[in-house]
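Single-letter residue listing:
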Amino acid sequence: MSNISMTSFTSLKTIVSGAQMLFVAFGALVLVPLLTGLDPNVALFTAGLGTLVFQFVTRGQVPVFLASSFAFIAPIIASVQVWGIPATMGGLMAAGFAYILLSLLVRFKGADILHKILPPVVVGPVIMVIGLALAPVAVNMAMGKSGDGSMQLVAYEQALIISLLSLVVTLVVAVTAKGIFRLIPILAGIITGYALSLFFGIVQFDAVTNASWLAVPAFVWPEFYWPAILFMVPVAIAPAIEHIGDMMAISNVTGKDYLEKPGLHRTLLGDGLATSTASLFGGPPNTTYSEVTGAVMLTRNFNPQVMTWTAVIAIVLAFVGKMGAGLQTIPTPVMGGIMTLLFGSIAVVGLNTLVKSDTDLSAPRNLSIIALILVFGIGGMQLGSTEFSLQGVSLCAILGIVLNLVLPHPKPETGQES
């Protein structure tokens, strides 16, 4: 009897730990669909389903949770505006297949091949473009406007107060909070901004009142359109490289080398299949969450089954209709305030990639690659016609890869180009 009681207690502890991990990931998980116009309930569902897919592929050996990827925010916003959500989902599914191809490359050639094709001089500025390309959208939303700045949704004075307070709270929690609370700065900023929005009376609850308690998420099936696919596939480069860093981080936390077992090729495959599965239902791409890795480090709970329960709880919550409707009542300035920090942070990740690699930015070869990636990506360069074109992240990523392959390296002994 005592053994049964102990087993029940262990199971309950595992479930509670899983719920705690979802709480840590929740703010970032729902932020991506709220910013990109996708359904937050669908994002919850696909985060849970994607995590289960990842656990299956990696044989349940890695204690990570997968959810909405920040790296895809700007590309999704741009793609939805031009081609709509179904075509964007088709592009995201193709981006997931790009992960799968990379996993096969790693399987047969080893992880070093990724660093040869995608060195920091290419990856760093591409990540910076992802963060900075839609910076005006964040600023417009922080000022109470629509993302394109064409409409004033909230009075400027109120919007500025709300967005700045949301931003300040997010900063303070991120920098000064201790323990588990330092892992939820985005959630803290959203709660504060929402409370202030309630005070100003700008929150509309009609959608919550009309929503059912239980409802099937608003799934969207993908459509395949070549321009959207070509636009989205190169975006997978940045999160694929970040994936390696995430696997190294969780390996250091648990004391196990997941790059060897189950292997980087399996974790990349799991990430890619999770992203493609998410797009099949209309959800944002999945990626391993550093916040959850931090929580694993704090709690010292290395049991991968915890993440299975996190995934199951996320799937269950996805069918609570009023929760999704409530999340969509969050006013634009709250999102805008947090986006100003978020987009800038992504750009800093790219800059840090260059700094850590000791890339010589004054070398003509490196300077040329970085400069052209930044200007083409942020400046809005477009090549091709309306039917078949490359632009944004896709264009600058391909440009960077090609330049890295064709531009000669300087000779070590003379410093002159060969």
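Check the entry above for the structure.
## A closer look at the overall build of the chain
Here's step 1: Of the regular secondary structure elements, the chain holds 19 helices and four strands.
Here's step 2: For 418 residues, the compact-globule estimate of 2.2 N^0.38 gives 22 Å, and the C-alpha radius of gyration of the chain, at 22 Å, lies within 12% of that figure.
Here's step 3: Projected onto its principal axes, the C-alpha positions of the chain cover 70 × 60 × 45 Å.
Here's step 4: In the chain, which comprises 418 residues, the proportion classed as buried is 53%.
Here's step 5: Contacts in the chain between residues at least 24 apart in sequence constitute 80% of all its contacts with a sequence separation of at least 6.
Here's step 6: Accessible surface, the chain: about 18,400 Å² in total, of which carbon and sulfur atoms supply 68%.

## Section: the nonpolar core
Here's step 1: Judged by nonpolar contacts, the single largest core of 111 residues is most densely connected at Leu29, Leu31, Phe65, Phe70, Phe72 and Met335.
Here's step 2: Among the elements that make up this core, the one with the highest residue count is helix 1 (residues 2-36) (twelve residues).
Here's step 3: Apart from the residues within four sequence positions on either side, Met335 is in contact with Leu31, Leu34, Leu35, Met141, Ile190 and Ile330.

## As for the packing of helix 12 (residues 237-254) against helix 13 (residues 259-281)
Here's step 1: Put simply, helix 12 and helix 13 touch, their axes get as near as 11 Å, and they point 145° apart. Seen from above, helix 12 lies across helix 13 with right-handed handedness. Along its contact with helix 12, which presents Ala240, His243, Ile244, Met247, Met248 and Ser251, the element helix 13 presents Leu259, Leu264, Thr267, Leu268 and Asp271.
Here's step 2: A breakdown of the residues in the contact of helix 12 with helix 13 according to their chemical character gives seven nonpolar, three polar and one charged.

## A few points about the packing of aromatic side chains
Both the distance between ring centres and the angle between the ring planes are used here to describe each pair of aromatic rings.
Here's step 1: The final tally for this structure, using the stated rule, is eight aromatic pairs.
Here's step 2: Relative to Phe200, the ring of Phe199 has its centre 5.6 Å away and its plane inclined at 65°; by these criteria the two rings are edge-to-face.
Here's step 3: Among the residues examined, Phe199 registers a relative accessible area of 67% and is labelled exposed.
Here's step 4: The class for Phe200 is partly exposed, based on a relative accessible area of 25%.
Here's step 5: An aromatic cluster of at least three residues, connected via ring pairs, comprises Phe45, Phe219, Trp221, Phe281 and Phe319.
Here's step 6: Across from the ring centre of Phe108, 5.6 Å away, lies the NZ or CZ of Arg107, which sits over that ring.
Here's step 7: Over the face of the ring belonging to Trp213 we find Lys322, whose NZ or CZ atom lies 5.6 Å from the ring centre.

## Some words on unusual backbone geometry
Here's step 1: Residues Lys261 and Pro262 are joined by a peptide bond in cis, for which omega reads 10°.
Here's step 2: Topologically, Pro262 is positioned in helix 13.
Here's step 3: Of note in the backbone geometry, Arg59 takes a positive phi value of approximately 60° without being a glycine.
Here's step 4: Among the secondary structure elements, Arg59 is positioned in the loop between helix 2 (40-57) and strand 1 (66-68).
Here's step 5: With a relative accessible area of 55%, Arg59 lands in the exposed category.
Here's step 6: Positive phi values are uncommon outside glycine, yet Asp358 reaches one of about 60°.
Here's step 7: The residue Asp358 is located in the loop between helix 17 (332-356) and helix 18 (364-379) in this model.

## Notes on helix 8 (residues 156-176)
Here's step 1: With 21 residues, helix 8 extends 30 Å between its outermost C-alpha atoms, agreeing within 8% with the 30 Å of an ideal straight helix rising 1.5 Å per residue.
Here's step 2: Considered for burial, the residues of helix 8 that qualify are Ala159, Ile162, Ser163, Ser166, Leu167, Val169, Thr170 and Val173. Projected down its long axis, helix 8 shows its buried positions confined to an angular sector of 160°, all on one face. Of the residues in helix 8, the exposed ones pointing more than 90 degrees away from the buried face are Glu157 and Val175.
Here's step 3: Of the surrounding secondary structure, the elements contacted by the buried residues of helix 8 are helix 7 (135-142), helix 9 (185-200) and helix 17.

## A closer look at the packing of helix 6 (residues 120-132) against helix 19 (residues 392-406)
Here's step 1: Running from N to C, helix 6 and helix 19 point in directions that differ by 165°, and their axes come no closer than 9 Å. Here helix 19 runs roughly antiparallel to helix 6, going by the angle between their axes. Judged by the sense of rotation from one axis to the other, the crossing of helix 6 with helix 19 is right-handed. Within the contact between the two elements, helix 6 uses Val121, Val122, Val126, Val129 and Ile130 and helix 19 uses Val393, Cys396, Ala397, Gly400, Ile401 and Asn404.

What counts as what
Position labels on residues start from 1 in each chain and follow its written sequence. Since the coordinates come from a predicted model, pLDDT governs what is reported: local features require at least 70, and pairs of side-chain atoms require 80 or more to be given and counted, while whole-chain, interface and lining totals use all residues. In computing side-chain properties, one takes all heavy atoms of the structure into account and sets aside hydrogens as well as water. The numbering of helices and of strands both runs from the N terminus, where a helix is a DSSP run of H or I of at least 4 residues and a strand a run of E of at least 2. The globule rule used here is 2.2 Å times the number of residues to the 0.38 power, and the radius of gyration it is set against is calculated over C-alpha atoms. Between buried and exposed lies partly exposed: a residue is buried under 20% and exposed over 50% of the maximum accessible area for its type, with that area taken using a 1.4 Å probe on protein chains only. What makes two residues a contact is simply this: any of their non-hydrogen atoms within 4.5 Å. Here the Shrake-Rupley method, with its probe set to 1.4 Å, supplies the accessible areas, and only the displayed protein chains count as covering residues. Definition used in this section: a nonpolar core is a set of buried Ala, Val, Leu, Ile, Met, Phe, Trp, Tyr and Cys residues joined via side-chain atoms within 4.5 Å. Geometry is summarised by axes, namely lines fitted to C-alpha atoms with helices restricted to the contacting stretch, and by angles between N-to-C directions that run from 0 to 180 degrees. By the definition used in this description, the sense in which the near helix is turned from the far one sets the handedness, with an anticlockwise turn below a right angle giving left-handed and a clockwise turn giving right-handed. All amino acids are sorted into three groups, where Ala, Val, Leu, Ile, Met, Phe, Trp, Tyr, Cys and Pro are nonpolar, Asp, Glu, Lys and Arg are charged, and the leftover types, Gly among them, are polar. Pairs were defined over the aromatic rings of Phe, Tyr and Trp, the Trp ring being its six-membered one, requiring ring centres within 6.5 Å. Orientation was assigned from the angle between planes: stacked under 30 degrees, edge-to-face over 60, tilted for the rest. As a reminder, the over-ring test applies to NZ of lysine and CZ of arginine, requiring each to be within 6 Å of the ring centre and within 35 degrees of the ring normal. One less than the residue count of a helix, multiplied by 1.5 Å, gives the span that helix is expected to have. As used here, the arc belongs to the directions running from the helix axis to the C-beta atoms. Throughout this description, any angle smaller than 35 degrees is read as roughly parallel, any larger than 145 degrees as roughly antiparallel, any in the 65 to 115 degree range as roughly perpendicular, and the remainder as oblique.

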